[in-house]
Amino acid sequence: MIASIEQRLNQRTPGRRILALDALRGLAAVSVVFIHFHRAFFSQNHPHWYFLPLFGGQPVTLFFVLSGYVLSIPYWLGRQVSYPAFLVRRFFRIYIPYAGAVIIAMMAASHMLYSHLPLTPWFYLTWQAPLTLGLIGSQLFLISTSPAINTAFWSLRYEMEMSAIFPAVCWTMSRLRPWGTLLATIAIAKAGFILFNHPEHLLWQEFGNALINGSCFLYGALLAWKSEVVAKWYYKTPRWLKCACLGLVVAGYYANKASVAPLACCGVLIFAQHSRVSSLLDTAIPEYLGRISYSLYLLHATVLWTTLILLYGKVPFVALALIYGVATFAISHLFCILVEEPAMRFGKRVTAKKQGALHPSRPLVT
């Protein structure tokens, strides 16, 4: 059942990553870069239809679904590392670069607080509060999802929370079987929406948001689990039905409906791996974007606020956009090679020393 995943992994890089999915994450990160630039100038969340490919969609939901998909693969293949080793690797993979990005954001913000520019109210959610020890601590310890320091940091809390429990999640899924997992995922998402729609109880609303985002990981893990079945279905499906499904996926991805976004993102993953799009994603530029995607996501908002505060009204709009884009990619590239990738390699090296070479075991499920 999991042969197709194994084949794709064996054909990829020494790190055993599926490059098409990394490239997809990179494109989603670029989309976030454009979306936040747009939101600084225009209050409406949905731009004109011809700008949707750059300024629309559900990229963060796609991040969560992708994480669930990729994190679950070792468990379905029976190649999972020990739980302590898994936590150490996720800590160095996710948290260390995040902490570095928090420090960079605070250093920049400390010199540019309380700016007054004729921009949208969304812009004034960030760098308008004093950098107290409480605010800094809550950000570093992933307690708060406030955009006060960086508007993109909120999602890292859910990424770390799900990482901490994901081995147990996969174990539970293997006991529930696919249909039980699907029903449980739907129920978790539904409970999340019910709780989230009660803003008078902020704690329950926050818990509801965690359930909604957590269900995205489950959808991704379930898709990875049954990827061979999905692949067989895809290749046996007539072209007209594939086109119809693609239209539904695109509509769902760009619709402003959180209830359908995870399913649409699962569709994006299917077409990205099995359609002709996969050959485009395996080219140099998408692969590079995949490489720097996490650094791009962590740093772009800090670069955006810095660029706007320093240059807004002093250079033309087009020049402002170009400077923001070039600076974002340049700084993200440096951060990737100086912080993100060394941290990731260190985490793998530490866990390799502790447990030795990892030998594949029998798959958990078939």
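Relevant structure appears above.
Small disclaimer: the values here were computed from a predicted structure and weren't measured.

(A) Expanded view of the overall build of the protein chain. Summing up its helical and strand segments, the protein chain has 14 helices and zero strands in all. Buried residues in the protein chain amount to 51% of all 366 residues. Accessible surface for the protein chain amounts to roughly 17800 Å². Of this, 70% is attributable to carbon and sulfur atoms.

(B) Representation of the packing of aromatic side chains in the model. Under the definition given, this model contains 24 aromatic pairs. Each ring, one from Phe41 and one from Phe317, has its centre 5.0 Å from the other, and the planes form 80°; the classification is edge-to-face. Note that Phe41 is positioned in helix α2 (residues 19–41) and Phe317 in helix α14 (residues 317–355), a separation of 276 residues in sequence. When its relative accessible area of 19% is taken as the criterion, Phe41 is described as buried. The exposure class of Phe317 is partly exposed, given its relative accessible area of 43%. An aromatic cluster of three or more residues is present, and its members are Phe91, Phe92, Tyr95, Tyr98, Phe153 and Phe346. It is Lys242 that lies over the ring of Tyr234; its NZ or CZ is 4.3 Å from the centre.

(C) Inspection of unusual backbone geometry at higher detail. Phi is positive for Trp127, close to 60°, though the residue is something other than glycine. Following the sequence through the fold, Trp127 ends up in the loop between α5 (83–109) and α6 (133–140). Phi is positive for Leu142, which is not a glycine, with a value near 55°. Topologically, Leu142 is positioned in the loop between α6 and α7 (154–196).

(D) A look at the environment of Tyr312. Of note, Tyr312 is situated in the loop between α13 (284–311) and α14. Classification of Tyr312 by relative accessible area gives partly exposed; the value is 27%. A C-alpha to C-alpha distance of 9.4 Å links Tyr312 and Pro118, two positions 194 residues apart in sequence. Among all residues touching Tyr312, those that are not within four sequence positions of it are Phe41, Leu117, Pro118, Leu119, Thr307 and Leu320.

(E) Representation of the packing of α7 against helix α8 (residues 202–225) in the model. As a packed pair, α7 and α8 sit with axes 6 Å apart at the nearest point and diverge in direction by 55°. In terms of axis orientation, α7 runs oblique to α8. By residue class, the composition of the contact of α7 with α8 is 26 nonpolar, ten polar and four charged.

(F) Highlighting the environment of Phe34. Summarising the element assignment, Phe34 is placed in helix α2. We classify Phe34 as partly exposed; its relative accessible area is 31%. For the pair formed by Phe34 and Ala321, sequence separation is 287 residues and the distance between their alpha carbons is 9.4 Å.

(G) Main features of α7. With 43 residues, α7 should cover 63 Å at 1.5 Å per step; its first-to-last C-alpha distance of 16 Å lies more than 12% under that length. The axis of α7 is deflected most strongly, by about 115°, at Arg177, and proline Pro178 appears within four residues downstream.

(H) Structural context of the pattern of salt bridges. The full count for this structure, using the stated rule, is six salt bridges. For Arg157, the salt bridge goes to Glu161, with nearest N and O atoms at 3.0 Å. With Arg157 and Glu161 both in helix α7 and four residues apart, this pair spans about one turn of that helix. Judged by relative accessible area, which is 35%, Glu161 ranks as partly exposed. Close ionic contact of Glu341 with Arg291 constitutes a salt bridge, the shortest N to O distance being 2.7 Å.

(I) Geometry of the side chain of Gln139. Tracing the chain through its elements places Gln139 in helix α6. You can call Gln139 buried: its relative accessible area is 1%.

(J) Molecular detail of the environment of Ile212. Counting through the fold element by element, Ile212 comes out in helix α8. Residue Ile212 is classed as buried on the basis of its relative accessible area, which comes to 10%. Spatially, the C-alpha atoms of Ile212 and Ile186 are 9.7 Å apart, while their sequence positions differ by 26 residues. Apart from residues lying up to four places away in sequence, Ile212 is in contact with Ala189, Gly192, Phe193 and Phe196.

(K) Broad picture of a nonpolar patch on the surface. A contiguous nonpolar surface patch, about 400 Å² in accessible area, is contributed by Phe42, Phe317, Val318 and Leu322. For Leu322, the position within the fold is in helix α14.

(L) Geometry of the packing of α2 against helix α11 (residues 261–274). One way to put it is that α2 packs onto α11 with a least axis distance of 9 Å and a crossing angle of 130°. It follows from the interaxial angle that α2 and α11 lie oblique. For the element pair α2 and α11, the recorded crossing hand is right-handed. Two secondary-structure elements touch here, α2 through Ala20, Leu21 and Leu24 and α11 through Val268, Leu269, Ala272 and Gln273. Looking at the contact of α2 with α11 residue by residue, the classes come out as six nonpolar, one polar and no charged.

Definitions and limits used
Residues numbered from 1 in each chain as written. Predicted model: local features only at pLDDT ≥ 70, side-chain atom pairs only at ≥ 80, totals over all residues. Heavy atoms only, no water. Helix = DSSP H or I, 4+ residues; strand = E, 2+ residues; numbered from the N terminus. Buried < 20%, exposed > 50% of the residue type's maximum accessible area, 1.4 Å probe, protein only. Areas by Shrake-Rupley, 256 points an atom, 1.4 Å probe, with all protein chains shown as cover. Phe/Tyr/Trp six-rings, centres within 6.5 Å; stacked < 30°, edge-to-face > 60°. Lys NZ or Arg CZ within 6 Å of the ring centre and 35° of its normal. Contact = heavy atoms within 4.5 Å. Axes fitted to C-alpha atoms, helices over the stretch in contact; angles between N-to-C directions. Parallel < 35°, antiparallel > 145°, perpendicular 65-115°, else oblique. Nonpolar A, V, L, I, M, F, W, Y, C, P; charged D, E, K, R; others polar. Expected span 1.5 Å × (residues − 1). Bend = angle between axes of the 7 residues up to and from the residue. Salt bridge = Lys/Arg side-chain N within 4 Å of Asp/Glu carboxyl O. Patch = residues over 30% accessible without salt bridge, like charges linked within 9 Å, V, L, I, M, F, W, Y side chains within 5 Å. Left-handed = near helix turned anticlockwise from the far one by under 90°.

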